[in-house]
Amino acid sequence: MAQNPYLPHKVKILEIKRQTKIDYTFKLESSIKPDNGQFVEVSLPKIGECPISVSDFGDGWIEMTIRRVGKVTNVLHDLKEGDHMFIRGPYGNGFPLQKYKDKHLVIAAGGTGLAPVKSVVNYFNDRLDLVKQLNLLTGFKSPEDVLFKDELEAWSKDFNVTVTVDQGNKDWTGNVGLITGYVKVMDFPNPEEVEVIVVGPPMMMKFTVQEFLKLGVPEENITVSFERKMCCGLGKCGHCKIDDTYVCLEGPVFNYTKAKELID
Amino acid sequence: MGYQMSTVEFNNVISKLLLDYRILAPVCLEGKGTFSGTDLVTYGDIERIQDVVFDRKTVYSAKEAVFPPSETMFYFTEEEFKQPSVDQKGILVFARPCDINAFKRLDAIYLESGPYPDPYYLQLREKLKFVLMECDHGFKNCFCASMGTNETSDFSLLVRSEGDQIFCLINDTGFEDLISESLASNSIRKVDLQPGFVQRNKTRLQIPDKLDNSLFSHPLWQEYASRCTGCGRCNFSCPTCSCFTMQDLFYRDNPSCGERRRVWASCMIEGYTEMAGGQEVRKTQGERMRFKVMHKFSDFKKRFGFHMCVGCGRCDDVCPEYISLPRCVQKLQEIKNGGVR
Amino acid sequence: MSVHTKKLIKNAYRITRDRDITALRIRVPGGHLPVEYFDIIKEVAQKYGNGTVHITTRQGFEVPGIPMEMVDKVNRLIAPILKGLEKDIGVQVNDEEIGYPAAGTRNVSGCIGNRVCPFANYDTTDLALKLERIIYPNDYHVKIAVSGCPNDCIKAHMQDIGVLGQVEPLYNPDRCISCGACVDNCHKRSTGALTMVNYRVERDEKRCLGCGECVLTCPNSAWTRGSNYYRVVIMGRTGKKNPRIARTFLEWVSEDTVLKVVANMYDYIEKHIDRRLPKEHVGYIVDRTGLNVFKDEVLKEAELDAKAKVAQFIDFGRYFYDRNQM
Ligand code: SF4
Ligand code: SF4
Ligand code: SF4
Ligand code: SF4
Ligand code: SF4
Ligand code: FES
């Protein structure tokens, strides 16, 4: 048989970090070199495969933040450091980092949507001089759902980070309210110079994009990332298709001018 | 070169072919129809020409020869992935022009789409050769002429059955020896033979050239929401539907071993777009019908330059709710023409 | 006028409310007949009857309003019906010009079966004809009905013998795409005999009714029809005394077994009937002899293959006329 792209390879779990009750971050030993925003197919033989976006990567490792939502992810959560899982990929198109150069970059991430952009945030945080300004707006359901607490704290020392929750609790002293509320009050003297990344649940993305458009940010300056059912990751199985577009091939990251035309 | 011979003589040819090929053709499985007292005409292995059903359309298509409904991708033994081995024999498939043209669609998905050719498809596809079956008048619901898939030159043999005589045209020099070996000793006659193709069907379609998002909210789709039960028959019988889903399992008698396989998927069946966690993007049968129609008559063409549907009419033949895909396309055309509201 | 009522009744006529007036019952085995016989029925009704016809619950026709002295003429007129619907299918009719040779054993009724109904598992009319050949003419009072599937549209459960079609569903895992439709449908419509294990369907043979719903549901012909079988329910009845629904006596038996059991039942009646009573129905005989005697005698020489199941005990339940509860 010819080279088999469905064949996954075995990777070792270097570190597991519990983010929330249902979100764990796995650091894996791997030599793959993904682009920021790409995904991999993670599998456990005999259990199944699922697409997971790479939340960060470096020399010899990649990191994924996995929510416990189904058969495969439930079992993944039972693994321990030193155990193995299987991956194939990376797949899809990542964020066009070059495009953000010398721009005011605003990243708006809702919930688990923060995972696929984490490496983008890190990238620019390490190279703050590449962009004019960096803003991160991130919203979660409740304080218990906040992801990457350590990173958020570190980032907020270096650039402008807004964390908000839909519903606070007695210990929460931060922002409360939807992300859109914080977008609304932003002020862009020169909206043409603003580049925006929006990632999150469908409703959050829809309304957040609308707010940026209202502020005068041109459509082509908005990048979004889609979450769709994926199976093969290779443009064959059909599950991810929207109109004539395969999310696994042309996405998950899309320019908004394209994304707005995609109707499921 | 064309030849005429008796079925007995042609069966000798088949016997020879069977040494190197698995031969698949439309066969009639008695009593295997859905309803009691009905037969199932479908693809199956044949050993003699009398097994081949020439005068009826199959319920399922020839795609199964290279894209089986359920296919093992890997066997897992402890920590190892093992790919199943394949039969070394070639595959010879009796097929009509629409079905032969359908392979071009499958090729587009499996060999051209994405960064890699699909190795499972490829290894079977490379062995595949066609025996052309002609259609006298076409069948009910066929609309190949409208799709431009009523003719083909991609066949190794043409086989025509008339009474106890078989007419065979060899269109692939690789097969020439087969007959010439028999020629000397037998009463095989050389004849002039040209493939005949249907030029008109009862069902005729004009495919609207610009099917776009503006039709997505048309009330037309709501009708299907109430009619379609989401059974998936239209996809499973379609020679061009290529979607699949992967599944992993472990053997109950030996849980440390198992397999990963892929099975046919249907965009009409609930769950096709469901993500882990339960969200599903197309929830109604109306949306699903729209998606299917768009794939067959618009989306695919945007990517590959020709329509996906080959007009075999099987989806219409098999729908238990009497939903006709060609009729739906006609309605879209009428809407485009301003006919239907 | 002098009429031998016993002979008249045996000739498929009845004593009616109106003095000297009778009504003829025409048998239609399996309830399916060529329409040409309508002309004859119409002629009988117009010429000798009162111009009406009643469709009986047993799927025959009853032509009322016939003067008793016209019986011979009517019998000659219906000769083609006796020939076509009885003699030609193999029923022993010695002289078709003299009317029906017996009326005790009733017409075998049947649902429409697989000639039309998508749920049916066999040709009910065909089985009805085969049964008619075995049981008719006969004076014992027996009611038989055949249903294509467990839906039992013909109410076989109200008969002495009810036959319900079964099919053995055959599963081809290589065609199964794990859509779950069969599992879901079996739970909703039938007995919940199917479960999905490891993306494959497992059938609990003990629960499976053989209704064929899985075959009907599967979009990919992963389920197909295997052999046909029958479930035989027995001793259901209506009537004043202790009416009850029939219960399963045999399951997964062949057509030959069904025919053999029915034939044997007539020997059983012959042997055990209480001749002091006017006409003891078979159900009451079974009540007297007990199920075991019935079972041993009707299964004599009946071949049961490995799948066949025989009830070892049947609780028919009871019917109460308790005015205190009303
Ligand atoms: S269109 Fe017909 S065949 Fe297709 S899913 Fe709907 S009901 Fe089934
Ligand atoms: S969509 Fe229907 S008519 Fe077209 S190729 Fe498929 S089954 Fe045939
Ligand atoms: S019509 Fe549906 S099932 Fe068929 S190929 Fe297209 S998306 Fe797949
Ligand atoms: S009993 Fe079954 S087979 Fe007969 S008519 Fe009813 S549903 Fe159809
Ligand atoms: S309906 Fe057919 S394909 Fe679907 S799960 Fe049942 S057997 Fe498998
Ligand atoms: S995930 Fe299979 S085609 Fe995109």
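Because the structure is a prediction, the values reported are computed rather than measured. (Residues numbered from 1 in each chain as written. Chains lettered and ligands numbered in written order. Predicted model: local features only at pLDDT ≥ 70, side-chain atom pairs only at ≥ 80, totals over all residues. Heavy atoms only, no water.)

### Some details on the overall build of chain C
Working step 1: Per the secondary structure count, chain C includes ten helices and twelve strands.
Working step 2: With the C-alpha coordinates aligned to their principal axes, the bounding extent of chain C is approximately 80 × 50 × 45 Å.
Working step 3: In chain C, once contacts between residues fewer than 6 apart in sequence are set aside, the share between residues at least 24 apart is 66%.
Working step 4: Element-wise, carbon and sulfur atoms account for 51% of the exposed surface of chain C, whose accessible area totals about 15,900 Å².
Working step 5: Treating the 47 positive side-chain charges of chain C as one cloud and the 41 negative ones as another, the clouds have centres 5 Å apart. (Helix = DSSP H or I, 4+ residues; strand = E, 2+ residues; numbered from the N terminus. Contact = heavy atoms within 4.5 Å. Areas by Shrake-Rupley, 256 points an atom, 1.4 Å probe, with all protein chains shown as cover. Lys, Arg positive; Asp, Glu negative; His and termini not counted. Charge placed at Lys NZ, Arg CZ, Asp CG, Glu CD.)

### Examining the environment of A:A259
Residues and elements named next belong to chain A.
Working step 1: Mapped onto the secondary structure, A259 falls in helix 7 (residues 256-259).
Working step 2: Each C-alpha atom of the pair A259 and E219 lies 10.0 Å from the other, and the pair is 40 residues apart in sequence.
Working step 3: Ignoring any residue separated from it by four or fewer positions in sequence, one finds A259 in contact with V224, F226 and F254.

### Notes on the sheet that holds strand 7 (residues 161-171) of chain C
Sheet strands associate in pairs through backbone hydrogen bonding, adopting either a parallel or an antiparallel arrangement.
Residues and elements named next belong to chain C.
Working step 1: Spatial ordering of the open sheet is given by 5-6-7-10-11-12, a layout of six strands whose pairing is mixed. Edge positions in the open sheet fall to strand 5 (109-110) and strand 12 (309-310), since each of these has one partner strand only.
Working step 2: In terms of strand pairing, strand 10 (residues 223-234) meets strand 11 (residues 247-253) through four bridges, oriented antiparallel. Within strand 11, the residue paired with Y230 across the bridge is V253. (Pairing = 2+ DSSP bridges.)

### Observations concerning the environment of A:D166
All names here are of chain A.
Working step 1: By the element assignment, D166 lies in the loop between strand 9 (160-165) and strand 10 (175-176).
Working step 2: Distance in space between the C-alpha atoms of D166 and T180 is 11 Å, their sequence separation being 14 residues.
Working step 3: When sequence neighbours within four positions are dropped, the list of residues in contact with D166 reads F140, K141, V176, G177 and L178.

### A word on the site of ligand 4
Working step 1: Every residue lining ligand 4 is accounted for by C:C111, C:C117, C:F119, C:A120, C:S147, C:G148, C:C149, C:N151, C:D152 and C:C153.
Working step 2: Residue classes in the shell around ligand 4 are distributed as six nonpolar, three polar and one charged. (Near = heavy atom within 4 Å. Nonpolar A, V, L, I, M, F, W, Y, C, P; charged D, E, K, R; others polar.)

### Quick notes on the sheet that holds strand 8 (residues 133-140) of chain A
Residue and element names in this part refer to chain A.
Working step 1: Strand order across the open sheet formed by seven strands is 10-9-8-7-11-12-15, with mixed pairing between neighbours. Only two strands of the sheet have a single neighbouring strand rather than two, namely strand 10 and strand 15 (253-255).
Working step 2: Note that strand 9 and strand 10 share two bridges and pair parallel. By the bridge assignment, V165 is partnered in strand 10 with V176.
Working step 3: Sheet strands touched by helix 5 (residues 202-214): strand 7 (104-110), strand 8, strand 11 (194-199) and strand 12 (222-225). Its angle to strand 11, the strand with the most contacts, is close to 165°. (Axes fitted to C-alpha atoms, helices over the stretch in contact; angles between N-to-C directions.)

### Quick look at the site of ligand 3
Working step 1: Taken together, the neighbourhood of ligand 3 is formed by B:N235, B:C241, B:S242, B:C243, B:A265, B:C267, B:Y272, B:F291, B:K292, B:H295, B:K296 and B:M308.
Working step 2: Counting residues per element, the shell around ligand 3 draws most heavily on helix 8 (residues 285-304) of chain B, which supplies four residues.

### With respect to the state of the cysteines
Working step 1: Tallying each qualifying case throughout the model produces zero disulfides over all chains.
Working step 2: Left without a disulfide partner, B:C328 is nearest to the cysteine sulfur of B:C315, which lies 10 Å away. (Disulfide = S-S within 2.5 Å.)

### Considering the domain arrangement of chain C
Residue and element names in this part refer to chain C.
Working step 1: Looking at chain C, the domain boundaries give domain 1 (5-98), domain 2 (109-165 + 229-325) and domain 3 (167-228).
Working step 2: Relative to domain 3, the C-alpha centre of domain 2 lies at a distance of 28 Å.
Working step 3: With eleven residues of domain 2 at the contact, the number on the domain 3 side is 14 residues.
Working step 4: The largest contributions to the domain 2 side of the interface with domain 3 come from N121, Y229 and W252, which together make up 48% of the buried area.
Working step 5: Across the contact surface, domain 2 and domain 3 share one salt bridge.
Working step 6: As a salt-bridge pair, E168 and K307 come within 3.5 Å of each other at their nearest N and O atoms. (Domains from an automatic or database assignment. Buried area = accessible area lost by both parts, 1.4 Å probe. Salt bridge = Lys/Arg side-chain N within 4 Å of Asp/Glu carboxyl O.)

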